[in-house]
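Here is how the chains run, residue by residue.
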Amino acid sequence: MALSMLLPRIARANAAPALSRATSPLAFARRWASSSPSSSAQPTAEDISRLKRLRNIGISAHIDSGKTTVTERILYYTGRIKEIHEVRSKDNVGATMDWMDLEREKGITIQSAATYAQWGDTNLNIIDTPGHVDFTIEVERALRVLDGAVLVLCSVSGVQSQTITVDRQMRRYNVPRISFINKMDRAGANPGRIIDQIRSKLKMPAAALQVPIGAEDAFEGVVDLLTQKAVYYKGARGEDIVYADVPEHLADAVHAAREELVATLAEVDDEIGELFIEEKTPSEDQLRAAIRRATIARKFTPVLMGSAIKDKGIQTLLDAVTRYLPDSTEVKNTMLDLDRNEQVVDVVPYSNQPFVGLAFKLEEGKYGQLTYIRVYQGRLEKGQFAYHVKTGKKVKISRLVRMHSNSMEDVDSVGAGEICALFGIDCASGDTFTDGSINCSMSTMFVPDSVISLSLTPKDKNSPNFSKALNRFQREDPTFRVHVDSESKQTIISGMGELHLDIYVERMRREYNVDCVTGKPQVAFRETATKRAEFSYTHKKQSGGAGQFARVIGYIEPIDPEQQAELPHEFVNNVVGGNIPTNYIPACEKGYMDGLQDGFMVGHPIVGVRMVLQDGAAHSVDSSELAFRLAAFHAFRESFKASNPRVLEPLMTVEVSAPIEFQGNVLGSLNKRKGLIIDTETQEDYCVVSAEVPLNNMFGYSTELRSATQGKGEFSMEYKRHSPVLPNVQEDLIKEYQKKLAEKK
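Residues numbered from 1 in each chain as written. Predicted model: local features only at pLDDT ≥ 70, side-chain atom pairs only at ≥ 80, totals over all residues. Heavy atoms only, no water.

### Describing the pairing of strand E32 (residues 548-558)
Two elements, strand E31 (residues 533-541) and E32, share nine bridges in a ladder whose sense is antiparallel. Across the sheet, Phe 535 pairs through a bridge with Gly 554, a residue of E32. Examined bridge by bridge, E32 and strand E34 (residues 609-617) share eight bridges and lie antiparallel to one another. Residue pairing across strands places Gly 554 opposite Leu 613, the latter belonging to E34. (Pairing = 2+ DSSP bridges. Helix = DSSP H or I, 4+ residues; strand = E, 2+ residues; numbered from the N terminus.)

### Here's the deal with empty space enclosed by the protein
Counted by the stated rule, this structure contains four cavities of 30 Å³ or more. In terms of lining residues, the second largest cavity is bounded by Ala 114, Thr 115, Tyr 116, Asn 125, Ile 126, Ile 127, Tyr 372, Arg 402, Met 403, Ile 419 and Cys 420. The set of elements that each furnish at least two residues to the lining of the second largest cavity consists of strand E2 (113-119), strand E3 (122-128), strand E19 (400-404) and strand E22 (419-423). Grouping the constituent residues of the lining of the second largest cavity by class yields eight nonpolar, two polar and one charged. (1 Å grid on protein atoms, 1.4 Å probe; cavity = no way out; pocket = protein on both sides within 12 Å on 5 of 7 lines; lining within 4 Å. Points joined across faces, edges and corners; volume = space filled by probe spheres on them. Nonpolar A, V, L, I, M, F, W, Y, C, P; charged D, E, K, R; others polar.)

### Brief notes about the packing of aromatic side chains
Summed over all chains, the structure comprises 13 aromatic pairs. Residues Phe 473 and Tyr 504 carry aromatic rings whose centres are separated by 4.9 Å and whose planes lie at 45° to one another, so their mutual orientation is tilted. Taken together, the residues span a long stretch of sequence, with Phe 473 in helix H13 (residues 465-476) and Tyr 504 in helix H14 (residues 498-512) at a distance of 31 residues. Just as Phe 473 is buried, Tyr 504 falls in that class too. One aromatic cluster is present, built from ring pairs that chain together Phe 571, Tyr 592, Phe 600, Phe 633, Phe 636 and Phe 640. The cationic tip of Arg 80 hangs over the ring face of Tyr 116; the distance from NZ or CZ to the ring centre is 4.4 Å. Seen from the ring of Tyr 555, Arg 532 lies directly overhead, with NZ or CZ sitting 3.5 Å from the centre. (Phe/Tyr/Trp six-rings, centres within 6.5 Å; stacked < 30°, edge-to-face > 60°. Buried < 20%, exposed > 50% of the residue type's maximum accessible area, 1.4 Å probe, protein only. Lys NZ or Arg CZ within 6 Å of the ring centre and 35° of its normal.)

### Observations concerning the nonpolar core
One recurring pattern in soluble globular proteins is that nonpolar side chains are buried together. Ranked by size, the top nonpolar core spans 67 residues in total, and within it Met 508, Val 552, Leu 613, Phe 636, Phe 640 and Leu 670 carry the most contacts. Ranked by the residues each element gives to this core, the list is headed by helix H16 (residues 625-641), at seven residues. What Met 508 contacts, discounting residues up to four positions off in sequence, is Leu 456, Phe 466, Ala 469, Leu 470, Phe 473, Asn 513, Val 514 and Cys 516. Ranked by size, the runner-up nonpolar core spans 47 residues in total, among them Leu 124, Tyr 232, Leu 275 and Ala 320. (Core = buried A, V, L, I, M, F, W, Y, C linked by side-chain atoms within 4.5 Å. Contact = heavy atoms within 4.5 Å.)

### Here's the deal with the packing of helix H9 (residues 251-268) against helix H10 (residues 270-277)
In contact at an axis separation of 6 Å, H9 and H10 are set at 120° when each is read in the N-to-C sense. The orientation of H9 with respect to H10, classified from their angle, is oblique. For the pair H9 and H10, the sense of crossing is left-handed. Packed against H9, whose contacting residues are Val 262, Ala 263, Leu 265, Ala 266 and Val 268, the element H10 presents Asp 270, Ile 272, Gly 273 and Phe 276 at the interface. Residues belonging to the contact of H9 with H10 are distributed by class as follows: seven nonpolar, one polar and one charged. (Axes fitted to C-alpha atoms, helices over the stretch in contact; angles between N-to-C directions. Parallel < 35°, antiparallel > 145°, perpendicular 65-115°, else oblique. Left-handed = near helix turned anticlockwise from the far one by under 90°.)

### Some thoughts on the confidence of the model for the chain
With 89% of its residues at a pLDDT of at least 70, the chain reaches an overall mean of 83. Here residues 1-39 is a poorly scored stretch, pLDDT under 50, and it has 72 contacts once near neighbours within four places are set aside; other chains count. (pLDDT = per-residue confidence, 0-100.)

### A short note on the sheet that holds strand E9 (residues 229-234)
The antiparallel open sheet is built from four strands, whose spatial order is E7-E8-E9-E10. Each of the sheet's edge strands pairs with one partner strand only, and the pair in question is strand E7 (210-213) and strand E10 (240-244). Pairwise comparison of adjacent strand axes, ignoring direction, gives a mean angle of 30° for this sheet. Here E7 pairs with strand E8 (residues 221-224) via four bridges, running antiparallel. Note that in E8 the partner of Gln 210 across the bridge is Asp 224.

Here's what the structure looks like:
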């Protein structure tokens, strides 16, 4: 590593040693108590000891990377389950964490499932999350409440589209991660290439802590680079760990991999960087401490490897979780003090503080609504009262349980840092609960916009279960939205993809006995302006008595596309001199918002447009809020038509993997759907094609891909952005919309 890069950092470290993320819990408590509205009482030694032995972790990855299989092995080796069952097993039992019938039939995880286990003297709260992009909200809300994560990667496919999405979510919530390269027994397994992908695609410094002994069907175990011992997994289920000397033929590879580990750590950790410059060899303890510091600071991810299906590598992964991922005291969480103008204050993660908890997931159980809660501060006890911050209501905690997939265990109390579930609490996902002594709210989670809609009609129009099911699903899943179309009077459901909506339609049939007919999928188009357009509109109406008069002058202009994610629309008031009385300005803004609701080209919402009000006129008798609201609405409509408007459609990032002999068929199928090929990568006998394709062109693609690849191809897609449609497509959409309007007349 370049000396010039290291010297300034070491000089800084020598001048003023930085406060480590691994500072003692007592120091954290003292520092946080000074800035928190909570009690400043010191934590007990017992509570500190409990928190130091607690890990809240999630298992996340791209679909089919083996997350649920890894979780099943973790539960087996920690003694939570006595038998192992596979995701797609022939015994019709299925993996413990995939408890829904739909999950077991389709072989995918649909809902995140929570459990707890014990490894050595460390308690683990584990959440297994879905890998399919349609259920990304499950990953989002799990990572919102977790302190660390295990990112599972396939040894052949490596970093895929949903891996990048999960990486983005981990960064959003500042979650440190350990990377686990699974499926080392697969043909074409290449851990070195996967580590390079973590560095290049995820932009995260990474290095292996292990070297595999054999690969593909000859995979036997790993060599631990820190202890420099070979680790073999013997016994019927790999439960017997045998340590041995490093095989002679791997001695050079082990030496090179350890050197690479030290060099990578030297770039992200000052202590190892100093030793590296002085050409000293760090000890095992120094390396472990550096790995922990860099991992918790999210500057580095240690990489382990194994094969969950072959029962290899899981115990060493659990050791890494306890050694390198943070406990609750080493993660900084914040909340908003509502009594002090939403001032951001730190959470004090100890049980002797006032209670603060976040409801992050809802589920309908046989005993009513089940609410999953992460206790951030204080203690939650059975029989106590909690305050729902949003509504101000006081609720009694009548039953408190810890979850193990879909089974539960009653407990009397849970301390700070724990995850539990409550019954009979009326709330929504993302709500905060306190004990009433402090008025604080946790920040909510990010909820992506829906990209696809379907019309839904129950076969039995009089069934009360139809609305009951829709209300429940909306409460459970913030990305599942329902509205009634004002013109057609049809019920429209919106979600993250075809599979997402199909699952809910199927759940309505199974859980509520409501058969539904679905309409053609509707894409969430948007309309936008592409150039500035002036407006000067006068609204006059006289019909005896007081009339209506309002005049507005100004312009509309497009908002920079890079700002549209945070600022989809903006109203600017530049009126001076009181030509429009200030009490009518809000009415003008309401008229502008009315115009955004339904576009004038194809009837979809308008985004990315700024309205600037510069001048106007009012009448002392005839002007009113209604007059100015109507004037602003019509002014916006007229100027929007003059702004060279465009229709936008959702553009999806599509990743297709198929055997290399079908590469031509895959490229042809994407080109036919007007896809833009971004990248083509060849991995052994497989090819991976990345493309950007309009969502409107992707319906029915799974059937076409199966037939083009003899059933061997698979694809995933996720929303990237909205982009303008082709001119001929825009014309067709406008004609279709005009025809629909004419039919209604």
